Amino acid sequence: MAKIKKIIITLLTVTMLITLFSACSKKVESTPLKIDDFRTTAYIVANNLRDKENLDTSHFDQITDFIFFGCAKFDEDGNVTLDEDFDEVLETLKSGINNKENKKIYLNILGPDAQIETDDWNKQMQDKADRHNKAFESGKLEENIKNVLDKYNFDGIFFDYEYAIKNKNWKVYSNFILSLDKVLGEKYEIGMALSGWDAKLSKDAKAVVDRIEVMSYDLWDKDGTHASYKIAEDDIKKFEKAGYDKAKLDLGVPFYARPTTQEAVWYDYKEYIDKIDEKGFAKDEERGLTASFNTYDDIAKKTELAIDSGLGGMMIWHYACDVPQSNEKSLFNAIENTVNEKASEQN
């Protein structure tokens, strides 16, 4: 009898452990994705479009989705403002695309920034969050966004809200996304950029959001390597564990470098392409720093990782950092060539 009792207790213990483990895991079944639908999404900054003489459009054919960045804002009261030359800058982008079919253009909209004088990053983010909360709860922002999307025939809206941090702020953000989804309906998509360590949308908000741009950059390995392959692997696992549909994710890659010392300096890939060694390092002699880049091979491996992991695509910050398509070291070429190789393997 004692032996039977011991077996029953053991079985109950195992059952409880399995139940607890299942409750902690938020993984969801990922939406199947065909390689032909794999996205290449690029942020394209308004200031680069304004510089028409130096605008390189050679990669436009390689991009499926454009995120138009730096021309739209919303304030604490939920009002949306566009730059004075918004129409002209947007037309430059559309002219470069040249009305090609199957190209999507999304509007990125930035919210109010922190307005307190402090070097404390957490306090800055909290002030920023308070101002975003007010806008999200204004009851006006949803319709104001829709009006802009209607007027300019965008495919959707993207948010770069960095970083909500506290659970209260995530709740407000999530509730706003649900409200916005009801206003926009099925006509427009909703997307946002998030980091793996701070991606706490509610379950309902995860379900209605259409796109997540994974900001797998501005992070370093112990040896000072910026945006390494390992960091990308870890970010994908974090989003999967947090319950995001991987098919909605685009793996973000930097077409720029950061110093190994993590200082607030950024380097465009195209400016250092002839100085980058096999490991992606380049010397900044003027500042006495070492810049850490993603090379052609790094971007190719990350693209393969995204495909094999079931992600929906790749995201690039940002378009103007690359060399022209004719250059064999082009990072956009690394993505396109890898996608084509994987497609040929699957077909």
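Below is a summary of the structure that appears in this document. Everything numeric in this text was worked out from a predicted model, so none of it was measured.

### Some details on the packing of aromatic side chains
A complete count under the given rule lists 29 aromatic pairs for this structure. Note on Trp121 and Trp197: the rings are 6.3 Å apart at their centroids and 50 degrees apart in plane angle, and the pair reads as tilted. You can see Trp121 sitting in helix 4 (residues 121-136) and its partner Trp197 sitting in the loop between strand 7 (189-194) and helix 7 (203-208), a full 76 residues away along the chain. Using a relative accessible area of 42% as the deciding quantity, one classes Trp197 as partly exposed. Seen in terms of ring centroids, Tyr161 and Tyr173 are 4.9 Å apart; in terms of plane orientation they differ by 80 degrees. Their pairing is edge-to-face. Here the residue Tyr161 occupies a position in the loop between strand 6 (156-159) and helix 6 (167-184), and Tyr173 occupies one in helix 6, the gap between them amounting to 12 residues. Here Tyr161 and Tyr173 have matching classes, each one buried. Three or more aromatic residues joined by ring pairs form one cluster here, namely Phe74, Phe136, Phe159, Tyr161, Trp170, Tyr173 and Phe176. The ring centre of Trp266 lies 4.2 Å from the NZ or CZ of Arg258, which sits over that ring.

### Examining the pairing of strand 5 (residues 104-109)
With 5 of 6 residues buried, strand 5 lies mostly within the body of the structure. Bridging between strand 2 (residues 65-69) and strand 5 involves 4 bridges; their strand directions are parallel. Paired with Phe68 across the strands is Leu107, a residue of strand 5.

### Section: the nonpolar core
Of all hydrophobic cores here, the largest spans 101 residues; its most connected members are Phe68, Leu93, Ile157, Phe159, Leu201 and Ile212. Per-element accounting of this core gives the leading share, 7 residues, to helix 6. Leave out the neighbours within four places in its chain, and Phe159 touches Phe74, Asn108, Ile109, Ile145, Tyr173, Phe176, Ile177, Leu180, Ile190, Gly191, Met192 and Ala193.

### So, the layout of surface pockets
By volume, the largest pocket amounts to about 790 Å³. Contributing to the lining of the largest pocket are 29 residues, with Asp160, Glu162, Tyr163, Asp218 and Trp266 lying nearest its centre. Breaking the lining of the largest pocket down by element, the ones donating at least two residues are helix 4, strand 10 (256-259) and strand 11 (267-268). A per-element tally of the lining of the largest pocket places helix 4 first, with 5 residues. Split into classes, the residues belonging to the lining of the largest pocket amount to 17 nonpolar, 5 polar and 7 charged.

### Things to note about unusual backbone geometry
Note the cis peptide between Glu162 and Tyr163, where omega equals -5 degrees. Mapped onto the elements, Tyr163 comes out in the loop between strand 6 and helix 6. The step from Trp317 to His318 runs through a cis peptide bond, and the omega angle for that step is -15 degrees. On the secondary structure map, His318 appears in the loop between strand 14 (313-317) and helix 11 (331-346). Located in the positive-phi region is Asn153, a residue other than glycine, with phi close to 60 degrees. Relative to the assigned elements, Asn153 resides in the loop between helix 5 (141-152) and strand 6. The exposed category is assigned to Asn153, whose relative accessible area is 60%.

### Quick notes on the pattern of salt bridges
Tallying each qualifying case throughout the model produces 20 salt bridges. Asp150 is paired through a salt bridge with Lys187; the nearest N and O atoms lie 3.9 Å apart. Of this pair, Asp150 sits in helix 5 while Lys187 is found in the loop between helix 6 and strand 7, placing the two residues 37 residues apart along the sequence. The partly exposed category is assigned to Asp150, whose relative accessible area is 33%. In this structure, the salt-bridge partner of Arg258 is Asp218, at a minimum N-O distance of 2.9 Å. Placement of Arg258 in strand 10 and of Asp218 in the loop between strand 8 (211-214) and helix 8 (229-241) is noted, with a sequence separation of 40 residues between them. When its relative accessible area of 6% is taken as the criterion, Arg258 is described as buried. Look at the salt bridges and you will find they share partners, linking Arg39, Asp65, Arg211, Glu213 and Asp250 into a network.

Conventions we followed
Residues numbered from 1 in each chain as written. Predicted model: local features only at pLDDT ≥ 70, side-chain atom pairs only at ≥ 80, totals over all residues. Heavy atoms only, no water. Phe/Tyr/Trp six-rings, centres within 6.5 Å; stacked < 30°, edge-to-face > 60°. Helix = DSSP H or I, 4+ residues; strand = E, 2+ residues; numbered from the N terminus. Buried < 20%, exposed > 50% of the residue type's maximum accessible area, 1.4 Å probe, protein only. Lys NZ or Arg CZ within 6 Å of the ring centre and 35° of its normal. Pairing = 2+ DSSP bridges. Core = buried A, V, L, I, M, F, W, Y, C linked by side-chain atoms within 4.5 Å. Contact = heavy atoms within 4.5 Å. 1 Å grid on protein atoms, 1.4 Å probe; cavity = no way out; pocket = protein on both sides within 12 Å on 5 of 7 lines; lining within 4 Å. Points joined across faces, edges and corners; volume = space filled by probe spheres on them. Nonpolar A, V, L, I, M, F, W, Y, C, P; charged D, E, K, R; others polar. Salt bridge = Lys/Arg side-chain N within 4 Å of Asp/Glu carboxyl O.

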